Every structure is written in structure tokens, then in C-alpha cells.
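Architecture at a glance
Each chain is listed here by its residues.
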Amino acid sequence: MNGRTERFFNHAILAVFAVIAVFPMIGVLTQALQFPDLNFSNFADAWREGHFSTYMRNSIIVTAVTVAVAAVLSIMAGYALGTMRFRGAGIVFLLFLAGLTIPTEAIVVPLYFDLRSVGLDNSYAGLILPQVAMSVAFGTFWMRAYFRSVPRSLLEAARIDGANGWTTLWRVLVPVGRPAILTMLLLTTMWTWNEFLLPLVIINSEEGLRTAPLGLSFFQGTHKTDYSLLMAGALIIAAPVVTAYVFLQRQFIAGMLSGAIKE
């Protein structure tokens, strides 16, 4: 098989999988717009009746704070575990890995009672703190792998120039590692935005603190047969994440291919 034929089959396979992936979204969009009538009022009706302005605000607050705090902690922890040698580093890294292996379903009930005992249920803090912990577990693993792949000569050159560890991290390694960091930010943003179980359990009485996915489930409960409104609501919830991915897809792909997960 020559190169041209191989490229043709590769593109054909990719096109088939692209159609499979896009087809459900086309169906949702068609239903929301009531094609061929193109009724855009469904989005306005869903926004108003579903109280999505409140739910979107809550999701933006929770996601922004969670991703920002988790990113800073992950970068610093990954730098320490990836470039420094100290006693107990392996054990500390295993503790972070444990955070990746424990499913949310296994801890959500005791977590709720712990948060309630300190008055953090039905609060932004109760939503943010557990998701920061889960995001840091992945982020530390991701950033440690990136920092371990950095050439030692780059670190040695920074030290020769008189840079301390803090300067080396923020002035040298972070700018170079932009694709890996943006990939981590995009992944944690998607996971935090789409989180459903934690808000469902932790926010059990305050309607004003529901996040967008949780609000969509309650909206579905009151509009079970109005599929156009339901599809419009689903598109409203999905729009921020899809938009973020569209604008950051080049950096995302670069981060996946730059050796960020290479030991």
C-alpha cells in the first residue's frame, strides 16, 4: 500500500468516525430548532423557564475557582515530584494516584456527612473543595509526567543563570509547558462543568446553588414531553465547553502529543 492509498483510507476511517460522533449532535440541534421551521425561540424559552441564568452562573463560579486553584496546586506539586528528589516522594505520589483510583460514588455519601458536620453542605465551598481535590490528583499526575520529560539541561542552565526553584518553575518551565498546562486546564474544566453526582448530593435544598447539569435534570423532570425545549436546554449547557474546546483544540492536541504523559 503506497502513501497516497494509506492516506485515503486513514481519512475515510476518520470521516466515518466523525460522522458517528457528530450525528447525535445534529439530531439534538435539529430537534431544538424544530427543523425545517428554525424556531430559535425554544432557546429563549428554555433559558427563562429553566432558570439557566442562575445555574450557568453557579457553574461558572464553581468551575473557574476549581480549575484555577487546582491548576496552581497541580503545577507546584508536579514540579516538586517531577524534578526534586526527597525522602517519601514515591509515597506522596502514590497518594495522589490513589485519588485517581477511588470513584466518586464510593465517597460521596461520607463526604456529604463530613461537609454537613462543618456546615459546608448547600454552599459553594462544599461544591468546590471536593472537586479541587479530585482535580489535583489528576493534575499532579499530569504535570509530574511533563516535568519529568523536561530536559535536565534546561534545569541546569536555569541554575547556572542564578534562578532559584521558584523562578525556574514560573519563568522557565511553565511558559515552555503551555500546551501541557492548557490540556490539563481544558480537561479539568470539562470534568468540573459536567460533574453531576456531587452537586446532586451536596446541594439538596438550595435551588439557587444548583449547577447547570443539575438544573438541566430538574428542567427535564418538568418538561418530559417537550423535546424541543429539552434539546435547547441541553445545547445551552453544552455550549461553553464546546466553545472552549473549539478555541483551544490546537493547544489541546499539541499537549497530548508533546510528551506530557511520557515518563
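Numbering of residues starts from 1 in every chain and runs along the sequence as written. Where local features are concerned, this predicted model is filtered to residues with pLDDT of at least 70; where side-chain atom pairs are given and counted, the filter is 80 or more; whole-chain, interface and lining totals use all residues. Remark: hydrogens and water are excluded; side-chain values derive from all non-hydrogen atoms of the structure.

Things to note about the overall build of the protein chain
Formally: Numbering of helices and strands runs from the N terminus, with a helix taken as a DSSP run of H or I at least four residues long and a strand as a DSSP run of E at least two residues long. A 1.4 Å probe rolled over the protein chains alone gives each residue an accessible area, and that area as a share of the maximum for its type sets the label: buried under 20%, exposed over 50%, partly exposed in between. Contacts are residue-level and defined by heavy atoms, with any inter-residue pair within 4.5 Å sufficient. Working definition of accessibility: Shrake-Rupley area with a 1.4 Å probe, residue cover restricted to the visible protein chains. When charges are counted, Lys and Arg contribute as positive and Asp and Glu as negative, whereas His and the chain ends are disregarded. Note on charges: their place is set at NZ of Lys, CZ of Arg, CG of Asp or CD of Glu.
In terms of helices and strands, the protein chain carries twelve helices and zero strands. Going residue by residue from the N terminus, the α and β elements of the protein chain occur as α-α-α-α-α-α-α-α-α-α-α-α. The buried share of the protein chain, reckoned over its 263 residues, is 37%. Long-range pairs, those at least 24 residues apart, make up 79% of the contacts in the protein chain between residues at least 6 apart in sequence. For the protein chain, the exposed area adds up to about 15000 Å²; of that, 67% sits on carbon and sulfur atoms. Distance between charge centroids for the protein chain: 14 Å, based on 17 positive and 14 negative side chains.

Some details on the layout of surface pockets
Note the following rule: As defined here, a cavity is a set of points on a 1 Å grid over the protein atoms alone where a 1.4 Å probe fits but cannot get out. A pocket is an open set with protein on both sides within 12 Å along at least five of seven lines, and residues line them when an atom is within 4 Å of a point. Grid points are joined across faces, edges and corners, and a volume is the space filled by probe spheres set on the points. For this classification, Asp, Glu, Lys and Arg are treated as charged, while Ala, Val, Leu, Ile, Met, Phe, Trp, Tyr, Cys and Pro are nonpolar and the rest, including Gly, are polar.
The space that makes up the largest pocket amounts to roughly 390 Å³. Lining the largest pocket are 18 residues, with Gly99, Thr104, Ala133, Met134 and Ser135 positioned closest to its centre. Broken down by element, the residue count for the lining of the largest pocket peaks at seven residues, all from helix 6 (residues 124-149). By residue class, the composition of the lining of the largest pocket is eleven nonpolar, six polar and one charged.

Structural notes on the pattern of salt bridges
Test applied: A side-chain nitrogen of Lys or Arg and a carboxyl oxygen of Asp or Glu constitute a salt bridge if their distance falls within 4 Å.
Tallying each qualifying case throughout the model produces one salt bridge. Residue Arg48 is joined to Asp45 by a salt bridge in which the shortest nitrogen-to-oxygen separation is 3.0 Å. You can see Arg48 and its partner Asp45 sitting in helix 2 (residues 41-49), three residues apart, about one turn around the helix. Here Asp45 falls in the partly exposed class, since its relative accessible area comes to 22%.

Structural notes on empty space enclosed by the protein
In total, this model carries one cavity of 30 Å³ or more according to the counting rule given. In this model, the largest cavity occupies a volume close to 40 Å³. Around the largest cavity sit Ser59, Val62, Thr63, Gln131, Thr192, Trp193, Glu195, Pro199 and Thr211, which together line it. Among the secondary structure elements, those contributing two or more residues to the lining of the largest cavity are helix 3 (52-83) and helix 9 (178-194). Broken down by element, the lining of the largest cavity gets its largest block of residues, three residues, from helix 3. Taken together, the residues of the lining of the largest cavity break down into three nonpolar, five polar and one charged.

Focus on the nonpolar core
Test applied: Buried residues of nine kinds, namely Ala, Val, Leu, Ile, Met, Phe, Trp, Tyr and Cys, make up a nonpolar core once their side-chain atoms join them within 4.5 Å.
If you look at the biggest cluster of nonpolar residues, it comprises 19 residues, and the most contacted ones within it are Ile75, Met143, Tyr146, Phe147, Leu173 and Met184. Residues within four places of Met143 in sequence aside, it is in contact with Ser74, Ile75, Gly78, Ile181 and Met184. Formed by 16 residues, the second largest nonpolar core is a distinct cluster that contains Ala32, Trp193, Leu235 and Ile236.

A few points about the UniProt feature "transmembrane region" (unreviewed entry) in the protein chain
Selection rule: UniProt positions are given in the numbering used here, feature names are shortened, and annotations may be inferred rather than shown by experiment.
According to UniProt, the positions carrying the feature "transmembrane region" (unreviewed entry) are residues 12-35, 55-79, 91-113, 125-147, 168-191 and 227-248. From the first C-alpha to the last, residues 12-35 spans 29 Å; its make-up is 92% helix and 0% strand. End C-alpha to end C-alpha, residues 168-191 measures 30 Å, and it is 96% helix and 0% strand.

Observations regarding the packing of helix 3 against helix 8 (residues 165-176)
Stated formally: Lines fitted to C-alpha atoms define the axes here, with helix axes fitted over just the stretch in contact, and angles between the N-to-C directions of these axes take values from 0 to 180 degrees. Oblique is the label for any angle not under 35 degrees, not over 145, and not in the 65 to 115 range, which are roughly parallel, roughly antiparallel and roughly perpendicular in turn. Each crossing gets its handedness from the near helix: less than a right angle anticlockwise from the far helix is left-handed, clockwise is right-handed.
Relative orientation of the contacting elements helix 3 and helix 8 amounts to 110 degrees, with a least axis distance of 11 Å. By the angle class used here, helix 3 and helix 8 are roughly perpendicular. Viewed along their axes, helix 3 and helix 8 form a crossing whose handedness is right-handed. Every residue of helix 8 that contacts helix 3 at Ile75, Met76 and Tyr79 is listed here: Gly165, Trp166, Thr168, Leu169, Trp170, Leu173 and Val174.

Some details on the environment of Thr192
For the record, the criterion: Polar contacts here mean pairs of N or O atoms no more than 3.5 Å apart (in protein, one a potential hydrogen donor and the other a potential acceptor; neighbouring residues in sequence count only if both atoms are side-chain atoms).
By the secondary structure assignment, Thr192 is in helix 9. Discounting residues that sit within four places of it in the chain, Thr192 has contacts with Val62, Thr63, Thr66, Val67, Gln131 and Ser135. A polar atom in the side chain of Thr192 sits 2.7 Å from the backbone oxygen of Thr188.

What to know about the environment of Phe93
Examined against the element boundaries, Phe93 turns out to sit in helix 4 (residues 89-101). The spatial distance from the C-alpha of Phe93 to the C-alpha of Ala15 is 40 Å, given a sequence separation of 78 residues. Among all residues touching Phe93, those that are not within four sequence positions of it are Leu81, Phe141 and Arg144.

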